[in-house]
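# Survey of secondary and tertiary structure
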Amino acid sequence: MRLLPLLLATALLLVPPPAQAAPACDARKVAAAARACADLLRGEERFVRDASDARRAQRVARVRDRLIASWYAAGTASDGAACAVTTADAGDTADRLAAAVADVGAALPGSTACRAAVLRTLAPLCRRVVRTELPLLRDQPDAHGIRGRTLARVRTDLTAAFPLAGCGAAGAAAADAEAALLRVAAGALGDATTRGLRALAADAGQEVGVAVEPGEVSSDPLYAAALDRETTSLTAENAMKWGPIHPAPDTWVFEPADAVVALAESRGQRVRGHTLVWGALQLPAYVENAPDADALRALMAEHVATVAGRYAGRIAQWDVVNEPLAGVLDPPTPDGLDDNVFRRLLGPGYVAEALHLARAADPAAKLFVNENGIEVPGPRQDRFYALVQELLASGAPLDGVGFQAHLGLIPIGQYPDRATIAASLRRFAELGLTVELTELDVTLVFRSGDLPSRLAFQCGSYRDAVAACASVPGCSGVTTWGLSDRSTWLRSFFGFTDWPLPFDDDWRRKAAYFGMRAALLEAALRDAD
Ligand code: XIL
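Residues numbered from 1 in each chain as written. Predicted model: local features only at pLDDT ≥ 70, side-chain atom pairs only at ≥ 80, totals over all residues. Heavy atoms only, no water.

## A few points about helix 18 (residues 418-429)
Owing to its 3.6 residues per turn, the α-helix brings residues three or four apart onto one side. If you check helix 18, its first and last C-alpha atoms are 16 Å apart, about what 12 residues at 1.5 Å a residue would give, namely 16 Å. Of all the residues in helix 18, the buried ones are I421, A422, S424, L425, F428 and A429. Angular distribution of buried residues about the axis of helix 18 spans 160 degrees; they occupy a single face of the element. Here the buried face of helix 18 lies against helix 17 (379-393), strand 6 (400-403), strand 7 (406-407), strand 8 (434-442), helix 19 (451-471) and strand 9 (475-480). (Helix = DSSP H or I, 4+ residues; strand = E, 2+ residues; numbered from the N terminus. Expected span 1.5 Å × (residues − 1). Buried < 20%, exposed > 50% of the residue type's maximum accessible area, 1.4 Å probe, protein only. Arc of directions from axis to C-beta. Contact = heavy atoms within 4.5 Å.)

See the structure below:
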C-alpha cells in the first residue's frame, strides 16, 4: 500500500499533472494529523515557557540551536562506537532539511481544501521522516553517503507529496498552504528532536525515572521543568531510607519523603520506594547496635509497617531489601551475603522476613530486591540468582529485581553492552519477575581518553541500557540516579570529578540524553509497527 503513492508521485513528477479536482478530504484524519503535529511543536514551546524568566531567552536560543544538532549527536553504532558528530555536520544537515521543506512550500498553492489534502498526505510523512532518521543514527559517521542519500529521499518524498495531494491548480493563495506544510514538516522533524523522554517513554511503554532530593527540585525551576518533561517515575534518593526517615527510635522525619510522593502525584508520575531494609549504609546506630534478634526483629517490623504503611497504595514498587550481597569492595563472606546486622542477628532469612512485612503493610506495591553489579554475568550475578530462586521457592512475596546499573563503577571500569544487559535482565524476568534498571548512571572516571570522546562513549552506554530494557519482556523501565551532573552522588559521596548523568551542570542535554532518546524512539516506532 505504501509503495503506491510513491510510484504515483514519481509519475506525476515526470509528467506534469493534468488539472484535477482536489480529492475529498477525510476530515477526521486531517484533524488528527494536524493535531498530532501541532502537539509536537507545542511540546517544545511549553518546555521553553516553563523555564524561569531570567534564563528563558538563553534557553530558547539554546533549544533552537540544538534541535537538529542534538538529534544527530544521538547516533551510536551498535558496537558502541562514538556518538559524536561535528556541529558543522549537524548544521549542514539542518540547512539541507530546511531548504527541502522551503522548496516544497514555495511550490505550493492552495485553498482550504487543498491545505487539508496536503495535511492528509503529509500525515504519514510525519512518521516517515522520523523513521528515515533512525538509520542515520546508526550510520555515523556518514562514510558511505547514507545520510546524504536519505536526506535526498526525504526531500523527494516531500516534493512528491504536493502533486499527490491534488493541489495542482495554480493561482490560489499559497501562504496558508505553505504555512500548513511547513508546520507539518517541522512537526515531523520536531518529533525527532524536541519531544521529551516522558512522551517517548509513554509511546514505548516504558518508565523513565529519576532519583530526586525534593529540596533540590523545589529550589531549581529548571530541575522541576525537566522532571515534568523527562520522567514518568520518581525515586527518593535518600528521603525514604532508614536513617533519614527514622533517625531515632521515636523520631520520624516524613516531610522529605512526603514531598517526593507529592511531587510525583502532582505530575501523574509513579513512585518507586527506596528502601526499607538496607544493612550497609544510612542505618542509625540504634539499629546497628540492636542487642539481640528479638529486639532487631521488633525494630524491623515496626519500621517496615510504619513506612510502607504510610504510603500504602501510592508506591508502585518498593526496594524492600537493598544490596543483600556482600559489597564488591568488602571482604568476601562465606555465603556471599552482606555481613550486616540483619544477617548477623536474624540470619539470611531476614530478606524473606522483610518481604512478608512489606506485603502486609502495602499489598498493592510490587516488592523488589535491589542489587548492584548484577548487570554482568558471573559469580556475583549467579549468587544473586540463587538468592532469588530460594526466595521464590520459600514462597516469599517477591515480585521484582532491581538492577542498580552504576555502569563503570560496579564492577570498576566495566560498561556492559546492550546484549549483555538484556541477557542479564532476561535471566531474571524468565523467573516471572518484573525487572528494572533502578539507579542508572555512567561514571567516566575509570575511562581513559579526552572528555568529548568519553561523553560520546557514555551516550552509547545510555542508549544500550535503555534499549536493553525495552527489548526484554518484563523489563518495565529505567531510573537514573539523578538527572543533572550538578547533583550526582558520584561527586558528593565519592568526591569524583565526574559527569555521569544525562544533563550537564547547566541543564543542557548531553549526548547521553540523546542516547536514551534514540533507544526510546526506536522502541516506540517498533511498537507502532
Ligand atoms: C546514595 C545517595 O545517592 C547518596 O546521596 C547517599 O549519600 C548514599 O547513598 N546504591 C543505592 C543508593 O542503593 O541508595 C545509593 O544512594 C547509591 C548506591
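This is not the end of the story, as more comes after the structure.
## So, the nonpolar core
Formed by 105 residues in total, the largest nonpolar core has its most connected members in W318, F342 and L425. With 9 residues, helix 21 (residues 511-528) is the single largest residue contributor to this core. Leave out the neighbours within four places in its chain, and L425 touches F403, V435, L437, A468, C469, V472 and C475. Core analysis: the next-biggest nonpolar cluster, separate from the first, contains 7 residues, A211, W481, L490 and F496 among them. (Core = buried A, V, L, I, M, F, W, Y, C linked by side-chain atoms within 4.5 Å.)

## Section: the pattern of salt bridges
Counted under the stated rule, the structure contains 17 salt bridges. Residues E207 and R270 are paired through a salt bridge, measuring 3.9 Å at the closest nitrogen-oxygen approach. Of this pair, E207 sits in strand 1 (residues 207-212) while R270 sits in strand 3 (residues 270-278); the two residues are 63 residues apart in sequence, bridging distant segments of the chain. Exposure remark for E207: the relative accessible area of 23% places this residue in the partly exposed category. Across the pair D485 and K510 runs a salt bridge, and its minimum N-O distance is 2.9 Å. Taken together, the residues span a long stretch of sequence, with D485 in the loop between strand 9 and helix 20 (489-492) and K510 in the loop between helix 20 and helix 21 at a distance of 25 residues. Overall, D485 belongs to the buried group, its relative accessible area being 0%. With a relative accessible area of 9%, K510 lands in the buried category. (Salt bridge = Lys/Arg side-chain N within 4 Å of Asp/Glu carboxyl O.)

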